[in-house]
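Residues per chain, in single letters:
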Amino acid sequence: MCSGNATLEQLLDQIAVEQNWVNQTLLEKGGVLFRGFRIQETEEFQRVAQALIPELKPYVEGQSPRTKVTGNVYTSTEFPAQFRITLHNELSYTKAPPPRIVFHCHIAPETGGETPIVDCRKLYQSMPPATLARFEERGVRYVKNMHGQERGIGKSWMDYFETSDQDQVESYLKENDIEFEWTDDGNLRTWSIRPATIPHPVTGEMLWFNQADLWHITNVNERNRAQMLQRFGEENLPTHAYFGDGSPITDEDLEAVRNTLWENAVIFPWQQGDVLALDNFSVAHGRMPYEGPRKILVAMG
């Protein structure tokens, strides 16, 4: 939806008037790009996000390093610029993933930095049948090791759950069907089994919906992978993934998944002020490497 150089209030008015169209388009197409609106301040994006998602959700359990900038609006990721982030549905490994996610291009990157997207209905249909069958039959077991007060790789358990209250964390884990244990050195290990594919909660269409390839140690480049395995051992890696029955996911299956993801991806350049709304069930997103300044904000719920 493009509108020249329209104001924030005009965009909010359009969203209100066209709410049914936006909802239907998100269900049918998976995404809507709002372009040509003068959205500059963080608080302005928050108002747009709340028009599209009445109740914004905190980034609890989130993998990516992020900063909360206002309310439940965050930086999209602070992962080093030289690395590509593979395609994934936000928080798809949680018990209740957010149905929608909204991005805002606050500072457009000079080179690269696109947010590629992919239709998870196409992924389900395009995945090699044998790979799809294994994932559907077994699901995915997600394993996470989070450090405590001592410095370590990745986010601490306090950052993951946005609290330093162990009782509050345990209550959350139990409510969300996540097994856990505290280690003697104050670290937290969790593991949960989630489906690899799901029906869309509204349309019933089957979706590829997991982050096995992102959590798996093979997502790390070969040199860093060897260093991490030597330092931690497989059991204590910051994140790792198995099939739901605990058996290893083969390199062949992971390669098939990654190839299918990127063969179906759509990549477009950001423009300053863009707002991209996605149905988080039917569309996955990622990030391309970039150079120069880049600031993309995100809200979900």
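Note: the structure precedes this text.
Definitions and cut-offs
Residues numbered from 1 in each chain as written. Predicted model: local features only at pLDDT ≥ 70, side-chain atom pairs only at ≥ 80, totals over all residues. Heavy atoms only, no water. Salt bridge = Lys/Arg side-chain N within 4 Å of Asp/Glu carboxyl O. Helix = DSSP H or I, 4+ residues; strand = E, 2+ residues; numbered from the N terminus. Buried < 20%, exposed > 50% of the residue type's maximum accessible area, 1.4 Å probe, protein only. Polar contact = N/O pair within 3.5 Å; in protein donor to acceptor, adjacent residues only side chain to side chain. Contact = heavy atoms within 4.5 Å.

## Some thoughts on the pattern of salt bridges
- Applying the stated criterion across every chain, the model contains nine salt bridges.
- D274 is paired through a salt bridge with R35; the nearest N and O atoms lie 2.6 Å apart. Residue D274 is found in the loop between α10 (251-263) and β15 (275-279), and its partner R35 is found in strand β2 (residues 31-37); the two are separated by 239 residues along the sequence. The pair formed by D274 and R35 is uniform in burial state, with each residue classed as buried.
- The shortest N-O distance in the salt bridge between R189 and E181 comes to 2.4 Å.
- Judged by its relative accessible area of 34%, E181 falls in the partly exposed class.
- The structure contains a network of salt bridges with shared partners spanning D119, R121 and E205.

## Quick look at the side chain of H88
- Here H88 is to be found in strand β5 (residues 85-88).
- Of the polar contacts made by the side chain of H88, one reaches the backbone oxygen of T86; its length is 2.8 Å.
- In contact with H88, other than residues within four places in its own chain, are Q211, L214, A284, H285 and G286.

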